[in-house]
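Each chain is listed here by its residues.
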Amino acid sequence: MEIFIQQLINGITLGSIYGLIAIGYTMVFGIIGMVNFSHGDVFMVSAFIALIFFLVLTTWLGIASVALALFLVMIIAMVLTGLLSWTIERVAYRPLRGSFRLAPLISAIGMSIVLSNFIQVAQGPRNKPTPPMVRDVIVLMDSNGYAVTLSYKQIIIMATTAVLLAVFWYVVQKTPLGRAQRACEQDRKMAALLGVNVDRTISLTFVMGAALAAVAGTMYLMYYGVVNFSDGFVPGVKAFTAAVLGGIGSLPGAVLGGLLIGLIETFWSGYFSIDYKDVAAFSILAIVLIFMPQGILGRPEVEKV
Amino acid sequence: MTAPVSAKPREGADYGKAGKDAILAGIIAFGIFGPLVGLKTEQNMSNELIVVNDMVSALIIVAIVMAGRFLLSAFVFPYMSQRGKKPTAANALGTEKPDRSKLYARLGLVLIFFYPIIVVSLVGFQGSLKWVDNFGIQILIYVMLGWGLNIVVGLAGLLDLGYVAFYAVGAYSYALLAINFDLSFWVLLPVAGLLAAFWGVILGFPVLRLRGDYLAIVTLAFGEIIRLVLINFRELTNGSAGISSIPKVTLFGIPFDASPDGFAKMFDLPLSSAYYKIFLYYLILLLALLTAYVTIRLRRMPIGRAWEALREDEVACRSLGINTTNTKLTAFAIGAMFAGFAGSFFAARQGFVSPESFVFMESAVIVAIVVLGGMGSMIGVAVAAAAMIGGTELLRELTFLKAVFGPEFNPDQYRMLLFGLAMVGIMIWRPRGFVSSREPTAYLFERKSVSGSLVKEGHG
């Protein structure tokens, strides 16, 4: 029972991070029908930006309050990662819009190689460990020496994710920008005819996805305390799995899928074998796509001739 | 509605606008490169992470970006818009230049055939090692993998992002069977191919109903699963440590070593490892040509035509009574078989295999070669493999750059970075790949090559 609750807490924390990344995949896929392969690496770059600015703020500028530093770091990471993603869209994807289907995919894979190798060259290939930023834990249960703990950083991750999702939900459902996005998702040509600036909307979609990935990156750095240039690929694929599991194109689906993937992964490592946890995640991806390609909350795809 | 103000195209370059663009690009570049290049995280003596200021490098990059953007805005874009729009698919038919690709292909083949002899006569036996091994063999392995994947992606139109899994199956089959059962390369080569083809069918079967990006992602997942199993199934595969001392290939039983029965002693030649490399070069050349030959012949057979029909329109294919299941599975199986051949060659050449060699990046590189070369075009794939693999290998040789950038400069670390940039750049420049014409095997009245943009890229 204790293990179950502990793994539940860990799983929801991990799932929140996956969910935040998955939104970037699902929105971009919904609006231009492209698997944004470099999104996982954008997430990794955002973790590096967060690391750099955390060090700058705490050591150079001497901000003693970790909470304030983390908050500032998160804002800076969101802005800069959004800028990065905007640039990538502008340079590598927009010229290929309306081109052959494979061209943007190859361009995205190329961009993913560029991002991870750029970080390797610029920041070095070694792991970047940071001292623990938030240490405190709450002991929820303690029986026979096995303590179920809920750490402050887990609380921060869950709370931040919940607040951001609420804000995000409001933006997509209630603002003109969200309306434009949903219009482009339904029919891009019609939206353009009705005066929606399609290019701008798509750019902003990339920026929003990247900003949420930056939050995930900051949280990832805070949670694990270490980041490496190659950390983008596996979380990226898992987040994509989450997006597919929840039903690609559906925002609540992405979050639900993220939580499910996080829970499956932690329970698998808790009860079965930690070696095969990635195999479990990839197998679920394959099984879901084969038997339930529309996902949990997605719409079934109609084959047109 | 108001008309656009600058309706009349201006003569010469608009430097004001270009300058504005350059400044904007500079601001964005500073936002991205400022922190990531200018503030370098390093560990100090007491293992704490500190930030080192390296703004000069960041500002140099920003300056390069600004200059590049200025040149683009001021000269390149106006020039391109003056040249007018590129020919579209509508007028691509019939305006093709006389086709000389066959001639080039023959010339290239002759050059490739004599390549080791040319290299040996230029730099001697010892000097030729690097050129034959790092360039010749390495490129030919990728040419063969590219041609193998071309069957799946280029002909059948099924996007496979886990192709390296079959390469791994071939490599591990050879390594394990050769070590445990002491069988020779020539026996195991077909076995490895068959095992890989078998896995191609097994992995192909569940994905039959998937289309488009979903198929790509599931094949990616399968590729990763096979790699993770290779890492974790330690009893069989020795985990990430890999399998070493894999037997070498022999020439009809003659080993390439210093023993009395060895190749050098038998023909009274001085001992040199160059013979083995040259032998391997011709072996992989033979295997690659076998791939090409089988592909060319299959394209004219019903199964090859079914593949291409499947790529053009799956629904029409099904309506006309083609068994799409068998068609897709044979494409997967035959593509995988060639990867298995290449894999067993790879294991024999390296003498060592580990899961490190079969990461997703390898699959991405092979897919990139196929798409960059022009899907379905054999010559294009070969050109792309030579350009991308040879080009990045060449970077290792640029030691003179050390004189420019200082002794710590290592061009090798920029290899994959430039590879990725080249992928993006080539896709933007030519979304249809290097070779833009295709030769249909089925034709009415006369045989001619058509533009690549008339060929579909499949649904799967």
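Here we look at the overall build of chain A
Here is step 1 of the chain: Tallying secondary structure elements over chain A gives 11 helices and 4 strands in all.
Here is step 2 of the chain: Here the C-alpha radius of gyration of chain A, 19 Å, is about what a compact globule of 305 residues would show, namely 19 Å.
Here is step 3 of the chain: Dimensions along the principal axes, computed over C-alpha positions, put chain A at roughly 65 × 50 × 40 Å.
Here is step 4 of the chain: The buried share of chain A, reckoned over its 305 residues, is 58%.
Here is step 5 of the chain: In chain A, once contacts between residues fewer than 6 apart in sequence are set aside, the share between residues at least 24 apart is 75%.
Here is step 6 of the chain: Element-wise, carbon and sulfur atoms account for 66% of the exposed surface of chain A, whose accessible area totals about 12,400 Å².
Here is step 7 of the chain: Separation between the mean location of the 18 positive side-chain charges and that of the 14 negative ones in chain A comes to 11 Å.

With respect to the interface of chain A and chain B
Here is step 1 of the chain: The interface is formed by 65 residues belonging to chain A together with 64 residues belonging to chain B.
Here is step 2 of the chain: Together chain A and chain B conceal approximately 5,800 Å² of surface at their shared face, both sides included; 75% is due to carbon and sulfur atoms.
Here is step 3 of the chain: Counting across the chain A and chain B interface gives 5 residue pairs in polar contact (both at pLDDT 80 or more).

Quick word on the pattern of salt bridges
Here is step 1 of the chain: All chains considered together, the criterion is met by 16 salt bridges over all chains.
Here is step 2 of the chain: Glu314(B) serves as the salt-bridge partner of Arg318(B), at 3.3 Å between the closest nitrogen and oxygen. Taken together, the residues Arg318(B) and Glu314(B), both in helix H11 (residues 314–319) and 4 residues apart, mark about one turn of the helix.
Here is step 3 of the chain: When its relative accessible area of 44% is taken as the criterion, Arg318(B) is described as partly exposed.
Here is step 4 of the chain: The structure contains a network of salt bridges with shared partners spanning Glu89(A), Arg94(A), Arg97(A) and Asp199(A).

Focus: the confidence of the model for chain B
Here is step 1 of the chain: For chain B, per-residue confidence averages 81 on the pLDDT scale, and 85% of positions sit at 70 or higher.
Here is step 2 of the chain: The complex prediction reports pTM at 0.86, with the ipTM value standing at 0.85.

Comments concerning the domain arrangement of chain B
Here is step 1 of the chain: Segmentation of chain B into domains returns domain 1 (15–81) and domain 2 (130–369).
Here is step 2 of the chain: Between the C-alpha centres of domain 1 of chain B and domain 2 of chain B there is a distance of 42 Å.

Here's the deal with empty space enclosed by the protein
Here is step 1 of the chain: The tally for this structure, following the rule as stated, stands at 6 cavities of 30 Å³ or more.
Here is step 2 of the chain: In this structure, the largest cavity spans a volume of roughly 110 Å³.
Here is step 3 of the chain: Of all the secondary structure elements, the ones that give two or more residues to the lining of the largest cavity are helix H2 (39–60) and helix H9 (233–246) of chain A together with helix H6 (212–232) of chain B.
Here is step 4 of the chain: Here the element with the most residues in the lining of the largest cavity is H9(A); it accounts for 4 residues.

A short note on the environment of Ile138(A)
Residue and element names in this part refer to chain A.
Here is step 1 of the chain: Tracing the sequence through the fold places Ile138 in strand S2 (residues 137–143).
Here is step 2 of the chain: Ile138 sits 143 residues away from Ala281 along the chain, and the two C-alpha atoms are 30 Å apart.
Here is step 3 of the chain: Ignoring any residue separated from it by four or fewer positions in sequence, one finds Ile138 in contact with Val148, Thr149, Leu150, Tyr152 and Ile155.

Quick word on a positive patch on the surface
Residues and elements named next belong to chain B.
Here is step 1 of the chain: Residues Lys102, Arg106, Arg297, Arg300 and Arg305 make up a contiguous surface patch of positive charge.
Here is step 2 of the chain: Only helix H3 (101–155) and helix H9 (274–300) provide two or more residues apiece to the positive patch.
Here is step 3 of the chain: Mapped onto the fold, Arg305 is located in helix H10 (residues 302–312).
Here is step 4 of the chain: Classification of Arg305 as partly exposed rests on a relative accessible area of 39%.

Cut-offs applied
- Residues numbered from 1 in each chain as written.
- Chains lettered and ligands numbered in written order.
- Predicted model: local features only at pLDDT ≥ 70, side-chain atom pairs only at ≥ 80, totals over all residues.
- Heavy atoms only, no water.
- Helix = DSSP H or I, 4+ residues; strand = E, 2+ residues; numbered from the N terminus.
- Rg over C-alpha atoms; globule rule 2.2 N^0.38 Å.
- Buried < 20%, exposed > 50% of the residue type's maximum accessible area, 1.4 Å probe, protein only.
- Contact = heavy atoms within 4.5 Å.
- Areas by Shrake-Rupley, 256 points an atom, 1.4 Å probe, with all protein chains shown as cover.
- Lys, Arg positive; Asp, Glu negative; His and termini not counted.
- Charge placed at Lys NZ, Arg CZ, Asp CG, Glu CD.
- Buried area = accessible area lost by both parts, 1.4 Å probe.
- Polar contact = N/O pair within 3.5 Å; in protein donor to acceptor, adjacent residues only side chain to side chain.
- Salt bridge = Lys/Arg side-chain N within 4 Å of Asp/Glu carboxyl O.
- pLDDT = per-residue confidence, 0-100.
- Domains from an automatic or database assignment.
- 1 Å grid on protein atoms, 1.4 Å probe; cavity = no way out; pocket = protein on both sides within 12 Å on 5 of 7 lines; lining within 4 Å.
- Points joined across faces, edges and corners; volume = space filled by probe spheres on them.
- Patch = residues over 30% accessible without salt bridge, like charges linked within 9 Å, V, L, I, M, F, W, Y side chains within 5 Å.

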